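# Per-entry structural report
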Amino acid sequence: MNRFAAVAAVLACLLVQRPALAVEPPSAACAVPEDITFVGQRLDNVAERLAHRQPVRIVVLGTASSLGAGLNKPEDAYPAKLQTALARRLPSAAITVTNISKLHQSAAEMAARIPHDVLAEKPSLIIWQTGTVDAVSRVDVAEFDHAIEKGIEELASNHVDVILMDQQYSPHTAGLVNLDPYGEAMRLFAQSHDVLLFPRHEIMRYWHEDGRFGSEQDKASLLRRAEQTHGCIAELLAWMIETASRTQQ
């Protein structure tokens, strides 16, 4: 093999491998083990828009926790903080986050909103937070799974990227509501359909067991812990979005 052929072979090998570009990790205050937040999927639509310096519109479709239940004001909830976190990570990108969450909606009710309420926003990415209302209402898990599939298919047919977000973790409600079947359904769906899952339940449980934000139960401490949790969820989401839009294939 001559010199030029050897160089060409090396370049071809590098192009095939195309490793992921380096992304700044989350802060130590918000960090969780890598196996919890591993990102193996790519947000193709977001990646393409960022590469061509086009605006990126993100829509949050969720329920009470996405509206900031337990916080003093909506600006303290993770959707608003996500806008700030993404601006910090991707300062040259034009990214907007729109929150169209509503109280007490099941996955099926949210899926029914996708053709009109969601797509009307012309999103590049939807963050779909669901599962708690279905668990509290004891919706059949097969029906829950079907609603997720229906919604994801609608979004995929319109070239919208998706991040599924599962339920919150709270040691006080863990024994009252059986969230596990719904969280497992989301995990299996994401895995089998190559969809990104933000494992909020596992992340928050890790923070709780780690004593990350304290354990005091007075009103001021509970509020502070809720604000810190939403801030870290926004930071981890921003990290996930950047990672998934820079992962090469």
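As the structure is a computational prediction, the values presented were derived from the model and not from experiment. (Residues numbered from 1 in each chain as written. Predicted model: local features only at pLDDT ≥ 70, side-chain atom pairs only at ≥ 80, totals over all residues. Heavy atoms only, no water.)

## Structural notes on the layout of surface pockets
Put simply, the test is: Cavity means a closed set of points on a 1 Å grid over the protein atoms alone, one where a 1.4 Å probe fits but cannot get out, pocket means an open set with protein on both sides within 12 Å along at least 5 of 7 lines, and lining means a residue has an atom within 4 Å of a point. Grid points are joined across faces, edges and corners, and a volume is the space filled by probe spheres set on the points. Runs of E in the DSSP output that reach at least two residues are strands. Runs of H or I that reach at least four are helices, and both are numbered from the N terminus.
Of the voids in this model, the largest pocket is the one considered here, and its volume is about 1,000 Å³. Forming the walls of the largest pocket are 36 residues, and the residues nearest its centre are Gln168, Tyr169, Ser170, Pro171 and Met204. Among the elements of the structure, α3 (64-67), α6 (132-137), α9 (200-210) and α10 (219-246) are those that each provide at least two residues to the lining of the largest pocket. Here the lining of the largest pocket takes seven residues from α10, the largest share from any one element.

## A short note on the state of the cysteines
Threshold: A pair of cysteine sulfur atoms is labelled a disulfide when the two atoms are within 2.5 Å. Classification of residues uses two cut-offs on accessible area relative to the type maximum, computed with a 1.4 Å probe and protein chains only: under 20% is buried, over 50% is exposed, and between them is partly exposed.
If you walk through the whole model with that rule in mind, you get one disulfide. The disulfide partner of cysteine 30 is cysteine 232, and the gap between their sulfur atoms is 2.0 Å. With the S-S dihedral at roughly -70 degrees, the linkage between cysteine 30 and cysteine 232 falls on the left-handed side. Taken as a pair, cysteine 30 in the loop between α1 (3-17) and α2 (44-51) and cysteine 232 in helix α10 lie far apart in primary sequence, 202 residues in all. Judged by relative accessible area, which is 5%, cysteine 232 ranks as buried.

## Observations regarding the pattern of salt bridges
Close approach of charged atoms allows side chains with opposite charge to pair. As a reminder of what qualifies: The salt bridge criterion pairs a side-chain nitrogen of Lys or Arg with a carboxyl oxygen of Asp or Glu, the two atoms within 4 Å.
By the definition in use, this model includes eight salt bridges. Among the ionic pairs, glutamate 121 bridges to arginine 57, the shortest N-O distance being 3.1 Å. With a gap of 64 residues between them, glutamate 121 in the loop between α5 (107-118) and β3 (125-129) and arginine 57 in strand β1 (residues 56-61) connect regions that are remote in the sequence. Residues glutamate 242 and arginine 246 are paired through a salt bridge, measuring 3.3 Å at the closest nitrogen-oxygen approach. One end of the pair, glutamate 242, and the other, arginine 246, are both in helix α10, four residues apart, so they sit about a helical turn from each other. For glutamate 242, a relative accessible area of 4% gives the class buried. Each of Arg89, Glu242 and Arg246 takes part in a single network of salt bridges with overlapping partners.

## What to know about unusual backbone geometry
Backbone geometry places arginine 53, a non-glycine residue, at a positive phi of 55 degrees. With respect to the helices, strands and loops of the structure, arginine 53 is situated in the loop between α2 and β1. Judged by its relative accessible area of 70%, arginine 53 falls in the exposed class. Of note, histidine 104 is a non-glycine position whose phi angle comes to about 60 degrees, a positive value. When you line up the elements, histidine 104 lands in the loop between β2 (95-99) and α5.

## Examining the packing of aromatic side chains
Rules: Stacked, tilted and edge-to-face are the three classes assigned to paired rings of Phe, Tyr and Trp, where Trp is represented by its six-membered ring and a pair needs centres within 6.5 Å; plane angles under 30 degrees give stacked, over 60 edge-to-face, the rest tilted.
Evaluation of the coordinates by the stated rule reveals two aromatic pairs. Geometrically, the ring pair formed by phenylalanine 144 and tyrosine 182 is edge-to-face, given 5.4 Å between the ring centres and 80 degrees between the ring planes. Of the two residues, phenylalanine 144 is situated in helix α7 (residues 141-157) and tyrosine 182 in helix α8 (residues 180-193); the sequence distance between them amounts to 38 residues. Relative accessible area serves as the criterion here: at 1%, phenylalanine 144 is assigned to the buried category.

## With respect to the sheet that holds β2
Using the following cut-off: Pairing between strands is defined by DSSP: at least two bridges between them are needed. Axis definition: a line fitted to C-alpha atoms, over the contacting stretch in the case of helices. Angles run 0 to 180 degrees between N-to-C directions.
Strand order in this open sheet of five strands is β2-β1-β3-β4-β5, and the pairing throughout is parallel. With one partner strand each, in any of the chains shown, β2 and β5 (196-198) form the two edges of the open sheet. Neighbour-to-neighbour, the strand axes of this sheet turn through a mean angle of 20 degrees, independent of strand direction. Pairing geometry for strand β4 (residues 161-165) and β5, over three bridges, is parallel.

## Considering the pairing of β4
Put simply, the test is: The handedness rule is simple: strands pointing away from the viewer, and a clockwise path from the first strand over the helix to the second, make the crossover right-handed.
Counting buried residues along β4, five of its five residues qualify, which places the element largely inside the surrounding structure. Where β3 meets β4, five bridges bridge the pair, whose relative direction is parallel. Looking across to β4, one finds that tryptophan 128 is bridged to leucine 164. Handedness of the crossover joining β4 and β5 through α8 is recorded here as right-handed.

## Quick word on the environment of asparagine 72
Tracing the backbone through its elements, the reader meets asparagine 72 in the loop between α3 and α4 (78-89). Relative accessible area serves as the criterion here: at 60%, asparagine 72 is assigned to the exposed category.

## Some words on the environment of glutamate 227
To be explicit about the condition: Every residue pair with non-hydrogen atoms within 4.5 Å of one another is taken to be in contact.
Following the sequence through the fold, glutamate 227 ends up in helix α10. Separated by 150 residues in sequence, glutamate 227 and alanine 77 have C-alpha atoms that sit 7.3 Å apart. Excluding residues that lie within four positions of it along the chain, glutamate 227 makes contacts with Leu71, Asp76 and Lys81.

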